[in-house]
Structures are given as structure tokens and as C-alpha cells.
Amino acid sequence: MTLSPARVPAAGVRRLTTTLYGYAFLDDFVLLYPVYALLFADTGMSLWQISSLFALWSITSVVLEVPSGAWADAMSRRRLLWIGPLLTAAGFALWVVLPSYWAFAIGFVLWGAGGALGSGALEALVYDELDRLGAAERYARVMGRARAARLLGTVASIGLAGPVFAWGGYAAVGAASVLACVLTAVTATRFPEHRARPETAGDSWATALRTGLVQVRRDRSVRGALLLVPAVAAVWGALDEYTPLLVRDIGVAEATVPYLVMLIWAGVTVGSLLAGPAERLGTTGLAALLAGGALALAMGAAARSLAGIALVSLAFAAFQLAEVLADVRLQHRIDESRRATLTSVASLGTELATVATFGVYALLGTDLAHSTVFAVLAVPYLVTALALARARAATARP
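Residues numbered from 1 in each chain as written. Predicted model: local features only at pLDDT ≥ 70, side-chain atom pairs only at ≥ 80, totals over all residues. Heavy atoms only, no water.

The next subject is the overall build of the protein chain. A count of helical and extended segments in the protein chain gives 17 helices and 0 strands. Here the analysis covers contacts within the protein chain between residues at least 6 apart in sequence; of these, 83% occur between residues at least 24 apart. A total accessible area of about 17900 Å² is found for the protein chain, and carbon and sulfur atoms account for 67% of it. (Helix = DSSP H or I, 4+ residues; strand = E, 2+ residues; numbered from the N terminus. Contact = heavy atoms within 4.5 Å. Areas by Shrake-Rupley, 256 points an atom, 1.4 Å probe, with all protein chains shown as cover.)

Listed below in C-alpha cells is the structure:
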């Protein structure tokens, strides 16, 4: 039977999105997530050594972020998407088989490298394949659902980690994590990829990086869209790490803290799923979304109550939605040959801004309550909202 032209794109979109959602779920379905810090401590690592491992992980991601994006514009993006999880799997296996400081360090380098290979490559592949199928307008909805799938993978891994650990200890959760990474790599091989690739990858990745940065410097709209990504993503991404401390400070029992943190992440999931309908908000709507999220964050944190935590959940939903929309704006403004490179540049900006936010939080948190610090860190979102509103007003003038 011959498929009609209308059904061929529909089948292509279905294959792409099914693969993407499975990939996103498995990529975050890592049972080691909630226990790897315990593994380090039980192996005899000091707090300083554990902190240095986390720093090494971040440094690896920062160093490789932009080069990996350029590689993705110079060679097969699908290849990078299946190589990355295999590097992570090797790191996890090393942790369990040879638990020691240097094994943990090498594992974090492999994990950081694996994550960097997928950053930029995934967004670029999905956008270009949707564009080829005449469905680029679905990008926001598709990526929002992919982020929701990641969140479900994380929640599922946390839920299963306890019983699996009780049954088989670190070896069992490590083996399950390695298996998840291998399944992620297998799933990645099913991604369609029809992009024409340069013949000389050794030269072309440097060319992709250079021409991408030239576009950022010369094109004001691209530069603004690129800067918007870290402006939206960094602060709430850093605050996420401190939400258990904020929740505990309202006076609930320790056993209740995880449930309220789950409430916050339920809001994040809802924000992801609203990305498709919200794409029509435009610049003014995005500014209003950020301003509303900032007010909800400040008021919710300051309330120090269960109702306040619900407001924080609402704020995180707004920021997650805004993060997806910021990525959409960037993808619409860059062309295929530079897509992964500039997406990785935006991710690098997010990484650096997140690290800076950690520093600001530590500085403010020395003398202030967690609720106060959360409220103060809502201010950058009000500034970003104001900048967007002014930019929209400037373009509207004759």
C-alpha cells in the first residue's frame, strides 16, 4: 500500500517523538541518582573529596559543552546521542566495580562528557527533523513533553532506588543504572537523521564554531535569544537544589519533606506539558509569565507555609515553561548548520550562570533564611521580564 503524502510526515513525526520520549525517560532513569553521594561517603571519601568530585563533573561539562555542539554540527548528531550514554554507563560501572576516589573522578569525567555530547545535538536533531517533515511549529510541544518524560524518569528512578538498594546494595543500583544507559544508547540509534553532513569533520567542526560565533556577534536577534536561555534557566535551576531546605524550614516533619518536593516537581511537569499551547504567547506574554513567576516565587518563599510551597511550585512551573519557550525562540532564529553549536553556547551560559547563582546563594545564605534568599533571587526574573517588555516596546515603535 502506498502512503499518501499527508500520512508519510505523520508517521515520521510519530517515529521521532516516540524515540525522543523514550530516550528522555531512560536518560534520567538512573537509580544511582539518590544514593551515589552515599556510595562516596561509605567508601571513605571526605566531604572535601566529595565536593571536588562534583566540581570535576561541572568543569568537564563546561569545558566540553561548546566543542561538543560544534562536533554535532560537523558529524552525525545521532552518533553522539548513542555514544554519550555509553560513556556514562562506563563511568557508573567503574564506580561499582572499583570504588575509589580516582574511579569516581574518572566516572564523573565520563558522565560529564556523555552529557555534553547530547547537549545541543538532541535539540538540533529534533528541530531539523521536524522542520524536514513540515512540523517545526510542533517543536515547543514536543520538547515540553520530552522534559516531562525526563522528570518522570527521575521520579521513577527515585521510587525504585530504595527497594532495589535494599535487595542488592550498590551493586544492584549500579547494574540497573548501567542497563538504563545502554537502553538509552540503543534507543538513540532509532532517531531519524536526514541532514547532509560535511565531508571533512576535522575542519568543519572548527568552522561551525567560528561561523556560529560570528552569527551571534552580527545578528542582534540571535544574540538576544541566546542570552535569554541562561537568563531564564540558571536561577531556578540552582534554586531547585535548595528546595528541600526551604521546605524543611516551614516546620514540617522530615518525612514530609520529600512529598512537598514532589509537589514542586509536579508543577514543573505541568509547565513542560503547557509548552505547545503557550508558544503563541509572544514576547509580551513571555515577559508577563516571568514576572508572574517571580512574584509567585517571592510571595511563596516569604509565606513559609504549605500554601507558600504551592506558590513556589507554580513559580517553578512558569520558569520551566519559559525555559522551553526561550529554547524555541533560539531554534527559530538559527539555521541548521549552526544549530547544535549555538544551542551548546546557550547551555554553557546556563552552566556558568548556575554556578554563579550557587555562589550568590552561599553568600546570602550565610546570614539570611532560605525563604529570604529565594525571595531575593526572584529579582533577576523581574529584571529579565522588564528587559523583554522594553525590547518589545522598542520594536513596536515606528
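For threonine 283, the position within the fold is in helix H13 (residues 282–303). By relative accessible area, which is 18% here, threonine 283 ends up buried. Only 3.2 Å separates the side chain of threonine 283 from the side chain of arginine 329, close enough to count as a polar contact. Those residues in contact with threonine 283, other than ones at most four positions away along the chain, are Arg329, Leu388 and Arg392. (Buried < 20%, exposed > 50% of the residue type's maximum accessible area, 1.4 Å probe, protein only. Polar contact = N/O pair within 3.5 Å; in protein donor to acceptor, adjacent residues only side chain to side chain.)

So, about the nonpolar core. As a rule of thumb, soluble globular proteins bury nonpolar side chains together. By size, the foremost hydrophobic cluster in this structure holds 83 residues, and its most contacted members are Phe191, Leu297, Phe316 and Phe374. Sort the elements by how many residues they give to this core and helix H14 (residues 306–333) lands first, with 13 residues. Contacts of phenylalanine 316, omitting those with residues within four sequence positions, involve Trp236, Leu239, Asp240, Thr243, Ile264, Val268, Leu297 and Phe374. Among the nonpolar cores identified, the runner-up in size contains 24 residues, and Val30, Leu39, Phe108 and Ala180 belong to it. (Core = buried A, V, L, I, M, F, W, Y, C linked by side-chain atoms within 4.5 Å.)

On the surface, a nonpolar cluster with roughly 310 Å² of combined accessible area is contributed by Trp82, Leu86, Val182 and Val186. With respect to the element layout, tryptophan 82 can be found in helix H4 (residues 77–97). You can call tryptophan 82 partly exposed: its relative accessible area is 32%. (Patch = residues over 30% accessible without salt bridge, like charges linked within 9 Å, V, L, I, M, F, W, Y side chains within 5 Å. Salt bridge = Lys/Arg side-chain N within 4 Å of Asp/Glu carboxyl O.)

A few words now on unusual backbone geometry. A positive phi angle is found at arginine 304, which is not glycine, with a value near 50°. Counting through the fold element by element, arginine 304 comes out in the loop between H13 and H14.

It is worth spelling out the packing of H4 against helix H5 (residues 101–118) at this point. The axes of two packed helices give the description: the angle between them and the distance between them. At a closest axis distance of 8 Å, the pairing of H4 and H5 adopts a crossing angle of 165°. Relative to H5, H4 is oriented roughly antiparallel. In the packing of H4 onto H5, the handedness of the crossing is left-handed. Counted together, Leu80, Leu81, Ile83, Gly84, Leu87, Thr88, Ala90, Gly91, Phe92, Leu94 and Trp95 of H4 and Ala103, Phe104, Ile106, Gly107, Phe108, Leu110, Trp111, Ala113, Gly114, Leu117 and Gly118 of H5 form the full contact between these two elements. Taken together, the residues of the contact of H4 with H5 break down into 16 nonpolar, 6 polar and no charged. (Axes fitted to C-alpha atoms, helices over the stretch in contact; angles between N-to-C directions. Parallel < 35°, antiparallel > 145°, perpendicular 65-115°, else oblique. Left-handed = near helix turned anticlockwise from the far one by under 90°. Nonpolar A, V, L, I, M, F, W, Y, C, P; charged D, E, K, R; others polar.)

A few words now on the packing of aromatic side chains. All chains considered together, the criterion is met by 28 aromatic pairs. Plain terms: the ring middles of tyrosine 36 and tryptophan 95 are 5.9 Å apart, the flat faces sit at 55° to each other, and that makes the pair tilted. Residue tyrosine 36 is found in helix H2 (residues 36–42), and its partner tryptophan 95 is found in helix H4; the two are separated by 59 residues along the sequence. The pair tyrosine 36 / tryptophan 95 is uniform in exposure class, with both members buried. With a centroid separation of 5.4 Å and 55° between ring planes, the pair formed by phenylalanine 92 and tryptophan 95 is classed as tilted. (Phe/Tyr/Trp six-rings, centres within 6.5 Å; stacked < 30°, edge-to-face > 60°.)

This part covers the side chain of serine 157. With respect to the helices and strands, the residue serine 157 is situated in helix H7 (residues 139–188). Classification of serine 157 by relative accessible area gives buried; the value is 0%. In contact with serine 157, not counting residues within four places along its chain, are Asp28, Phe29, Val30, Leu31 and Tyr33.

Moving on to the pattern of salt bridges. One pass over the structure, following the stated rule, counts 6 salt bridges. Arginine 150 serves as the salt-bridge partner of aspartate 27, at 2.9 Å between the closest nitrogen and oxygen. In this pair, aspartate 27 is assigned in helix H1 (residues 7–27) and arginine 150 in helix H7, connecting sequence segments 123 residues apart. Since its relative accessible area comes to 22%, arginine 150 is described here as partly exposed.

Mapped onto the elements of the fold, alanine 303 is located in helix H13. When the C-alpha positions of alanine 303 and isoleucine 250 are compared, they lie 8.8 Å apart, and in sequence the two are 53 residues distant.

Of the residues in the protein chain, 90% reach a pLDDT of 70 or more, and the chain-wide mean stands at 85. Taken element by element, the predicted model of the protein chain shows its lowest mean pLDDT in helix H8 (residues 201–218) (61) and its highest in H4 (95). Confidence over residues 199–203 falls short of pLDDT 50; this stretch has 2 contacts with residues more than four positions distant or in other chains. (pLDDT = per-residue confidence, 0-100.)

For glutamate 351, the position within the fold is in helix H15 (residues 339–365). For glutamate 351, a relative accessible area of 29% puts it in the partly exposed group.

Inspection of the secondary structure puts proline 34 in the loop between H1 and H2. Distance in space between the C-alpha atoms of proline 34 and alanine 161 is 7.3 Å, their sequence separation being 127 residues. Beyond its immediate chain neighbours, meaning those up to four positions away, proline 34 contacts Ile158 and Ala161.

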